[in-house]
Amino acid sequence: MLGTGLLLANVPGGVVAAFPAKWGVQMRAAALATIFLRCGLELEFKTMSLYKWPALRLAFLPGIAEALFDAGVAVGVFGMPFPLALSLGFILKAVGPGLVVPAMFQLQKQGLGANKGIPSTVVIAASFDDIIAITGFSIFVNIAIATGDSAAWQIASGPLQVCGCARRAGVLVLQATPGAVRADGLLSVCNT
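What counts, and at which threshold
Residues numbered from 1 in each chain as written. Predicted model: local features only at pLDDT ≥ 70, side-chain atom pairs only at ≥ 80, totals over all residues. Heavy atoms only, no water. Helix = DSSP H or I, 4+ residues; strand = E, 2+ residues; numbered from the N terminus. Contact = heavy atoms within 4.5 Å. Areas by Shrake-Rupley, 256 points an atom, 1.4 Å probe, with all protein chains shown as cover. Phe/Tyr/Trp six-rings, centres within 6.5 Å; stacked < 30°, edge-to-face > 60°. Buried < 20%, exposed > 50% of the residue type's maximum accessible area, 1.4 Å probe, protein only.

**As for the overall build of the protein chain**
For the protein chain, the helix and strand inventory stands at eight helices and zero strands. Tracing the protein chain from N to C terminus, the helices and strands come up as α-α-α-α-α-α-α-α. Within the protein chain, contacts between residues separated by at least 24 positions form 59% of all contacts whose residues are at least 6 apart in sequence. Split by element, the accessible area of the protein chain, about 12,700 Å² in all, is 72% carbon and sulfur.

**Side note on the packing of aromatic side chains**
This structure, assessed with the given rule, holds one aromatic pair. Taken together, a centroid distance of 5.7 Å and an interplanar angle of 5° make the contact between Phe90 and Phe140 stacked. Of this pair, Phe90 sits in helix α5 (residues 82–92) while Phe140 sits in helix α7 (residues 118–145), placing them 50 residues apart in sequence. Classification of Phe90 by relative accessible area gives buried; the value is 6%. Phe140 gets classed as partly exposed once you look at its relative accessible area, which sits at 22%.

Written as structure tokens, this is what we have:
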């Protein structure tokens with residue numbers, strides 16, 4: 001997909017110029033949604049609950065360290081303001097789920113590391129890593145460009161958008177999972 005886009009963008013005659021710019025954004029979002037959907041379908045809830053803390057550590061610690069290092073280099077080399085450099089660091093730290101997820105599922109099918117949950121942990125960490133990267137980028141780019149009276153709203157919009165999307169995803173999961181809600185309103189999968 002990336003190679004095809006690169007090829008089409010550089011073909012003489014402007015082949016891609018005829019398409020609206022929105023289409024590219026929507027295609028990338030659909031591709032990412034497909035990858036994350038595949039992650040969700042391949043993972044088991046029991047495995048996810050068993051390896052959630054190692055996966056969160058694997059997503060947070062190296063990612064935050066890499067974003068801070070990249071920000072330091074951007075400040076030193078390019079003279080960027082620190083919030084803008086942090087937004088660059090969070091974009092550079094994002095893991096490509098299109099590469100990681102299929103490779104981990106292939107390892108899982110072959111049984112390599114599956115008994116210790118290594119492929120599942122890496123898939124969970126890659127998913128959270130992208131969420132951290134998007135959230136960090138949103139927060140720090142809004143801090144970097146915030147001006148005027150609405151600066152506080154601009155800064156808060158990144159985390160609020162992530163929370164809103166998580167809420168919507170939870171509602172969709174509840175709607176798509178018949179029998180998952182018990183009479184007292186709790187998810188029955190939480191007790192398995």
